[in-house]
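Here is what each chain is made of, one letter per residue.
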Amino acid sequence: ADASGYYARALGVVVGSDANSAAVYNDGSIVANADGLYGAAAIGAYAGANEFSLVQNGADGDIAASATSYSQAFAAGAISYGLFANVYNEGSIAGSATADGDYGYAYAYGAITAGAFSSVYNLEGASLSAEASGAYALAIGSLQYGTFVGFHNAGDIAASADGYYGEAVGARVTGYYTFT
């Protein structure tokens, strides 16, 4: 998916449900690129449901999101949101954001997982990565919130931020009960 304009939004795959479940299964390539003058947002794969949500990226899977803007850029390779939210990665998931204005804000995430019961599994040989560049740059390889949180990494998680104010975090796991 490619989008451009004053404000651009590119969405690779979006699966949503007001009922029970939503899942994205990928063993191929999903790419979302947004190029907007004043704002750009790109999401590679999104699964959101009231109960169960899953983004599953196979060993041959590649999910990438890229956003470029003068002012504000947001990119997330994968987002899973629901009561039970899960990201299961055997391949590559990446987010890249660039805001090249003097006061540009760039936010990049490899994966975002949010749910009361959330889990991230980044298996051996897999990668989650985020790269942000702008005056204000934030890059997080894996961002995870929940009450009961399970996190497992046997692969690679990377984050890189370049800016006047830059912050890079490999994985941020926040929960009331956290299991790593």
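Refer to the structure presented above.
A brief report on the enclosed structure follows.

Rules behind the numbers
- Residues numbered from 1 in each chain as written.
- Predicted model: local features only at pLDDT ≥ 70, side-chain atom pairs only at ≥ 80, totals over all residues.
- Heavy atoms only, no water.
- Helix = DSSP H or I, 4+ residues; strand = E, 2+ residues; numbered from the N terminus.
- Rg over C-alpha atoms; globule rule 2.2 N^0.38 Å.
- Buried < 20%, exposed > 50% of the residue type's maximum accessible area, 1.4 Å probe, protein only.
- Contact = heavy atoms within 4.5 Å.
- Areas by Shrake-Rupley, 256 points an atom, 1.4 Å probe, with all protein chains shown as cover.
- Phe/Tyr/Trp six-rings, centres within 6.5 Å; stacked < 30°, edge-to-face > 60°.
- Core = buried A, V, L, I, M, F, W, Y, C linked by side-chain atoms within 4.5 Å.
- Patch = residues over 30% accessible without salt bridge, like charges linked within 9 Å, V, L, I, M, F, W, Y side chains within 5 Å.
- Salt bridge = Lys/Arg side-chain N within 4 Å of Asp/Glu carboxyl O.
- Polar contact = N/O pair within 3.5 Å; in protein donor to acceptor, adjacent residues only side chain to side chain.

Before going further, it helps to examine the overall build of the protein chain. In terms of regular secondary structure, the protein chain is built from zero helices and 14 strands. Ordered by position in the sequence, the α and β elements of the protein chain form the string β-β-β-β-β-β-β-β-β-β-β-β-β-β. Expected size for 180 residues packed as a compact globule is a radius of gyration near 16 Å; at 15 Å, the protein chain falls within 12% of this value. Overall, the protein chain is about 40 × 30 × 30 Å in size when its C-alpha atoms are taken along their principal axes. With 180 residues in all, the protein chain has 44% of them scored as buried. Across the protein chain, the fraction of contacts at a sequence separation of at least 24, relative to all contacts at a separation of at least 6, is 77%. Total accessible area computed for the protein chain in this model is approximately 8,300 Å², and 49% of it derives from carbon and sulfur atoms.

What describes a pair of aromatic rings is the distance from one ring centre to the other and the angle between the planes of the rings. Counted according to the given criterion, the structure contains 12 aromatic pairs. Ring geometry for Tyr6 and Tyr38: centres 5.7 Å apart, planes at 10°, overall stacked. Of this pair, Tyr6 sits in strand β1 (residues 2-17) while Tyr38 sits in strand β3 (residues 29-49); the two residues are 32 residues apart in sequence, bridging distant segments of the chain. With a relative accessible area of 41%, Tyr38 lands in the partly exposed category. Summarising the aromatic geometry, the rings of Tyr176 and Tyr177 are spaced 4.7 Å apart at their centres and angled 80° between planes, so their arrangement reads as edge-to-face. For Tyr176, a relative accessible area of 64% translates into the label exposed. Given a relative accessible area of 40%, Tyr177 falls into the partly exposed group. Members of the aromatic cluster, joined through ring pairs, are Phe84, Phe117, Phe148, Tyr176 and Tyr177.

As a further point, take the nonpolar core. Of all hydrophobic cores here, the largest spans 19 residues; its most connected members are Ala34, Ala42, Ala67, Ala97 and Ala132. Mapped onto this core, the elements with two or more residues apiece are β1, β3, β5 (62-69), β6 (72-81), β8 (92-99), β9 (105-114), β11 (127-134) and β12 (136-153). Counting residues per element, this core draws most heavily on β3, which supplies four residues. In contact with Ala67, other than residues within four places in its own chain, are Ala34, Ala40, Ala41, Ala42, Ala73, Phe74, Ala75, Ser96, Ala97 and Thr98.

Let's shift gears to a nonpolar patch on the surface. Residues Phe52, Leu83, Phe84, Phe117, Phe148, Tyr176, Tyr177 and Phe179 make up a contiguous nonpolar surface patch of about 800 Å² in total accessible area. The dominant element in the nonpolar patch, judged by the number of residues it contributes, is strand β14 (residues 165-179), at three residues. In this structure, Phe179 sits in strand β14.

Turning to the environment of Asp18, a few remarks are in order. Secondary-structure assignment places Asp18 in the loop between β1 and β2 (21-26). For Asp18, a relative accessible area of 72% corresponds to the exposed category. Measuring from C-alpha to C-alpha, the distance between Asp18 and Glu51 comes to 8.6 Å, with 33 residues separating the pair along the chain.

Right, let's get into the side chain of Ser69. One can find Ser69 in strand β5. Owing to a relative accessible area of 2%, Ser69 belongs among the buried residues under this scheme. In terms of polar contacts, Ser69 uses its side chain to reach the backbone carbonyl oxygen of Leu37, at 3.1 Å. At 3.1 Å, the side chain of Ser69 forms a polar contact with the backbone nitrogen of Ser71. Non-local contacts of Ser69, meaning those with residues more than four positions away in its chain, are made with Gly36, Leu37, Tyr38, Gly39, Ala40, Thr98, Ala99 and Asp100.

Purely geometric stuff here, so don't read any function into it on its own.
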